[in-house]
Amino acid sequence: MTMDHSPGASEGGLGEAEFFRKMVQSFPNILHKHNTKTLDQEQPPDQYFEFPLGARFSAPTRDVGLSMRDMVSCSLHQHGVAAIELGFEDEKSQFLLELVKQMNFEPDSHSSTQGALWDVTPKPEGIESTSASATQGRAHSKSHGVGEFAWHTDGAFETRPQRFFGFHIIRPDRLGGGVFRLLPAQDLAASLSPSTVETLLRTEFDVRVPDEFYKGVATNRGKLLDTDPVTGNYLLRFRADILPDPPKPGDEAANKAVAELKGLLDDTATKGLRLPEDVFKENVVLLMDNARFLHMRTPIHDQRRLLRRIRFHPKEEA
Ligand SMILES: O=C(O)CCC(=O)C(=O)O
Ligand SMILES: [Fe+2]
């Protein structure tokens, strides 16, 4: 065996982390290399999201994929991400749905007219909505448009936002658009002033439910920033366009805190971390902790780009 002299390798024997790394690398269905080439050399180089060791899997068949559910679930809880490359056809994304159920999560419906699976793809006709403010019973979501979808967490307007979401990437944008990025809550909080963090941790805001996600109530209320009582990780609920203006009438500190947060996210220098192209690719299932990251996507160039989305809760909370 060749000795590893990388930082973290212990002297004169395998430390625990090193042992784990070697074990993971020896397992054929856990992937560990990814390519971080930038596509467009004109742009400043993108920073890429580094998939932690043990967060990428290969599922040559449906059964092998489902048999890895405990490892996938462990990665999702520990790292907040998991990606599985499917080696089989699954036109209707039934593997995604089945995996989520077998990991003991509870898929949520998207609205009172849409089920657990939702196509993120250009759809100018919109979808049916039962909201009173919908025009002629139809509503248009950002995920059906071709514009940029700015930093957000999914379901930020829900009574209880879904803790997790996943995509079956059926067709990534083949024309260079639709770049998906993450911004870890930890990094975001570190970029805000301590007084803003403190204000956001204690303030509840009213949030508007968009028509396309209407399930019977027009507004909800919640904190934009919280901490996980077990891990201490920061947890987010955010989407700028569902906050009222001003965000909290009469509460100057709260309004200032939101202005600082929005200003930071509007700044084009806040680019977050791009998902590597060899992860965000055709026939990959990507699972994410919706509260540990903000996510965004750049404008779509390829009208046939298609992601199939699921949102889900831990079962005991559903
Ligand atoms: O299109 C994408 O890459 C992401 C879309 C998204 O974030 C959403 O639909 O909530
Ligand atoms: Fe989203």
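Small disclaimer: the values here were computed from a predicted structure and weren't measured. (Residues numbered from 1 in each chain as written. Chains lettered and ligands numbered in written order. Predicted model: local features only at pLDDT ≥ 70, side-chain atom pairs only at ≥ 80, totals over all residues.)

### Side note on the site of ligand 1
By nearness alone, every residue bordering ligand 1 is listed as Val120, Ser143, Phe149, Asp154, Gly178, Phe180, His295, Arg297, Leu307 and Arg309. Counting residues per element, the ones that place at least two in the shell around ligand 1 are strand S17 (293-297) and strand S18 (306-314). In terms of residue class, the shell around ligand 1 is built from four nonpolar, three polar and three charged. (Near = placed C-beta within 6 Å. Helix = DSSP H or I, 4+ residues; strand = E, 2+ residues; numbered from the N terminus. Nonpolar A, V, L, I, M, F, W, Y, C, P; charged D, E, K, R; others polar.)

### Thoughts on unusual backbone geometry
Cis geometry marks the peptide bond from Asp245 to Pro246, where omega comes out at -5°. In this fold, Pro246 is placed in the loop between strand S14 (234-236) and helix H7 (252-266). Look at Ser93: it is not a glycine, yet its phi comes out positive at around 60°. Turning to its location among the elements, Ser93 is positioned in the loop between strand S3 (81-86) and helix H4 (94-102). The phi torsion at Asn283 lies on the positive side, around 65°, for a residue other than glycine. Mapped onto the elements of the fold, Asn283 is located in the loop between strand S15 (273-274) and strand S16 (284-289). A residue is classified by how many C-beta atoms lie within 10 Å of it, and Asn283, with 18 of them, is partly exposed. (Buried ≥ 20, exposed ≤ 12 C-beta atoms within 10 Å, placed from the backbone.)

### Some words on the pairing of strand S11 (residues 204-208)
Residues Phe205 and Val207 line the buried face of S11, whereas the alternating positions Glu204, Asp206 and Arg208 sit on a face that is not buried. Relative to strand S12 (residues 219-223), S11 is paired through five bridges, and the arrangement is antiparallel. Following the sheet pairing, Phe205 is matched in S12 by Gly222. (Pairing = 2+ DSSP bridges.)

### Let's talk about the packing of helix H6 (residues 194-202) against H7
It is the contact of H6 with H7, at a shortest axis distance of 9 Å, that shows an interaxial angle of 115°. By the angle between their directions, the pair H6 and H7 is classed as roughly perpendicular. Seen along the crossing, H6 lies across H7 with a hand that is left-handed. Contact with H6, carried on its side by Thr196, Thr199 and Leu200, involves Ala253, Ala254, Ala257, Glu260 and Leu261 of H7 and no other residues of that element. A breakdown of the residues in the contact of H6 with H7 according to their chemical character gives five nonpolar, two polar and one charged. (Axes fitted to C-alpha atoms, helices over the stretch in contact; angles between N-to-C directions. Parallel < 35°, antiparallel > 145°, perpendicular 65-115°, else oblique. Left-handed = near helix turned anticlockwise from the far one by under 90°. Contact = placed C-beta atoms within 7 Å.)

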